[in-house]
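Residue-level structure breakdown
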Amino acid sequence: MDYRLNLRKVGVLIRHYRNQRLSLPDKENHSQDAFLITSARHTFFELHPGYPVCSRATLSRIENGKDIYEEELYRFFLRKLDLAYWFSIQAEIQYEACFQALDTILLHGRSCEFDSLAVPKRHPDNVLYAFYDDLVQDAITFYQTGCFPSLEALNRVKDLWYCVPHPLKPAYRFIFVLARVVHPFYDRIELDPVFDCTMKHPLNALVVAMISISDHRFALCQRILKRFEEHPQGGELISLIVSHIQMYFSVATLKRKQDIPSIDAVVHPLHRLILASFLLRLGKDAIDRRDFDEAVCFFEAFHDFDEPFCVFSSIVTGKACCRVELVNPKLKVIQTYLNQVKLRDASFRLEFLLTEMSPVFGETDRFMKICFKREILGLVSETRKYKSLYDYIIKTETL
């Protein structure tokens, strides 16, 4: 319980919500200069309306999480954003216990223990505690169901990383790294501040190991893996990730495909997601080696899987994407191409790729870009429509 730390977090939240307001029609009221000004509605002690309450440098210090001892400035800026904050010892105790319990379950417990986790009552009118509420709920949902928070929610967590309590940071680092591996539209999140961590916490170490696999820094990954082999951890999640990393190296280096567990035999949705992420990595590695027959073997396992795996599978294997309940609208556009447009003539397919799917290419990950780049170049060669490709590249700076 650190009241001054909470105030610093509130300052960062003020910056976040003020920047959000800059996209609204009355954005001029939330520019840095206008934000400092008092009015008849937003007063500050005896200061007359139209005068600034502090310097821009002071506002910058507040919004960057620096200590400012005039607490009324925080209240003034929160009022201008129609937000509020108050400190509650009881709430602090409850949140701290919840954060520690969640971290303990991830390190030493089993996923079923989330059902009995004591979650504090929600505080929708408290800007900091409401952020904590969302963090806890999104983390529990992910570790119980394997459902990622929305892209908007993850971007918000990244922007407010300073405000994330330390016991929750390893849990969210794992969510981020898994999202970047498996989801084609989460790859653009800039995560340098998120992954700036030590490897003392076991989950942090495994996050670094998974990143090193993606970056093909296998020596670092194997050093981390050796640490867990020499000092095994008892938690279900930690043991599962370690076993899947071992499986990855067994298949990638020794070609022992018999070590791959059947994904259909895995019941827990998060455990299925983690296994699928390593199979996806093996499939992408095969494509990078231009070993398309081996890649198809890995991607066929995802044909009846949830999104986005079913879409990946259809792209690589050429089979129709049969899932009718896709949620992400960008994945639906890709599904339309795979199931309907791909059956049309080459000119129509090329036109669809360069028009309807153009916004999707701008936001998707490297793997998806590579797959459709090959498709586009093949259709251009077949139709001789080089001018269409040239116009598309000039317009979008893509490919």
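Calculation criteria
- Residues numbered from 1 in each chain as written.
- Predicted model: local features only at pLDDT ≥ 70, side-chain atom pairs only at ≥ 80, totals over all residues.
- Heavy atoms only, no water.
- Helix = DSSP H or I, 4+ residues; strand = E, 2+ residues; numbered from the N terminus.
- Buried < 20%, exposed > 50% of the residue type's maximum accessible area, 1.4 Å probe, protein only.
- Contact = heavy atoms within 4.5 Å.
- Areas by Shrake-Rupley, 256 points an atom, 1.4 Å probe, with all protein chains shown as cover.
- Lys, Arg positive; Asp, Glu negative; His and termini not counted.
- Charge placed at Lys NZ, Arg CZ, Asp CG, Glu CD.
- Axes fitted to C-alpha atoms, helices over the stretch in contact; angles between N-to-C directions.
- Parallel < 35°, antiparallel > 145°, perpendicular 65-115°, else oblique.
- Left-handed = near helix turned anticlockwise from the far one by under 90°.
- Salt bridge = Lys/Arg side-chain N within 4 Å of Asp/Glu carboxyl O.
- Core = buried A, V, L, I, M, F, W, Y, C linked by side-chain atoms within 4.5 Å.
- pLDDT = per-residue confidence, 0-100.
- Expected span 1.5 Å × (residues − 1).

Looking now at the overall build of the protein chain. Counting its secondary structure elements, the protein chain contains 19 helices and zero strands. For the protein chain, the spread of C-alpha atoms along the three principal axes comes to 75 × 60 × 35 Å. With 399 residues in all, the protein chain has 51% of them scored as buried. Taking the intrachain contacts of the protein chain between residues at least 6 apart in sequence as the baseline, contacts between residues at least 24 apart amount to 61%. Accessible area for the protein chain stands at about 19,500 Å²; split by element, carbon and sulfur atoms hold 53% of it. Computing the positive centroid from 51 side-chain charges and the negative centroid from 51, the protein chain places the two 4 Å apart.

Look at helix α10 (residues 218-230) against helix α11 (residues 236-254): their axes get within 11 Å of each other, and the N-to-C directions meet at 135 degrees. Classified by the interaxial angle, the pair formed by α10 and α11 is oblique. For the crossing formed where α10 meets α11, the hand is left-handed. Note on element contacts: α11 touches α10 through Ile238, Val242, Ile245, Gln246, Tyr248 and Phe249, opposite Phe218, Cys221, Gln222, Leu225, Phe228 and Glu229.

The subject of this paragraph is the environment of Pro49. Positionally, Pro49 belongs in the loop between α2 (32-35) and α3 (56-63). Under the relative-accessibility criterion, Pro49 is labelled exposed at 52%. In this structure, the C-alpha to C-alpha distance between Pro49 and Glu236, residues 187 residues apart in sequence, is 59 Å. Beyond its immediate chain neighbours, meaning those up to four positions away, Pro49 contacts Thr38, Ser39 and Ala40.

Our next topic: the environment of Phe352. Relative to the helices and strands, Phe352 is located in helix α16 (residues 346-355). As for Phe352 and Asp103, which are separated by 249 residues in sequence, their C-alpha atoms are 47 Å apart.

For the structure shown, the criterion picks out 18 salt bridges. Among the ionic pairs, Asp159 bridges to Lys158, the shortest N-O distance being 3.1 Å. The shortest N-O distance in the salt bridge between Arg281 and Asp285 comes to 3.2 Å. Placement of both Arg281 and Asp285 in helix α12 (residues 269-288) is noted, with a separation of four residues, approximately one turn of the helix. Residues Arg281 and Asp285 agree in their burial class; the two are buried. Several salt bridges converge on common partners, so that one network encompasses Arg4, Arg8, Asp67, Glu71, Glu72, Arg75 and Arg79.

Among the nonpolar cores identified, the biggest contains 135 residues, and Phe77, Tyr143, Phe174, Ile245 and Ile334 are the most heavily contacted of them. Ignoring any residue separated from it by four or fewer positions in sequence, one finds Ile245 in contact with Leu206, Ala209, Ile213, Cys221, Leu225 and Phe278.

All right, on to unusual backbone geometry then. The backbone phi angle of Asp82 is positive, close to 60 degrees, even though this residue is not glycine. Summarising the element assignment, Asp82 is placed in the loop between α4 (71-80) and α5 (89-108). You will see that His216, though not glycine, has its phi angle at about 60 degrees, which is positive. Tracing the chain through its elements places His216 in the loop between α9 (202-214) and α10. Of the residues examined, His216 reaches a relative accessible area of 43% and is grouped as partly exposed.

A word on the confidence of the model for the protein chain. Per-residue pLDDT for the protein chain has a mean of 87; in total, 96% of the residues score no lower than 70. Within the protein chain, the element-level pLDDT minimum falls on helix α19 (residues 386-396), averaging 72, and the maximum on helix α6 (residues 127-145), averaging 96.

An ideal rise of 1.5 Å per residue puts 28 Å on 20 residues; α5 measures up with 28 Å between its terminal C-alpha atoms. Within α5, burial applies to Ala91, Glu92, Tyr95, Cys98, Phe99, Leu102, Asp103, Ile105, Leu106 and Leu107. Looking at the buried side of α5, the elements it contacts are α1 (3-21), α6, α8 (169-182), α9 and α11.

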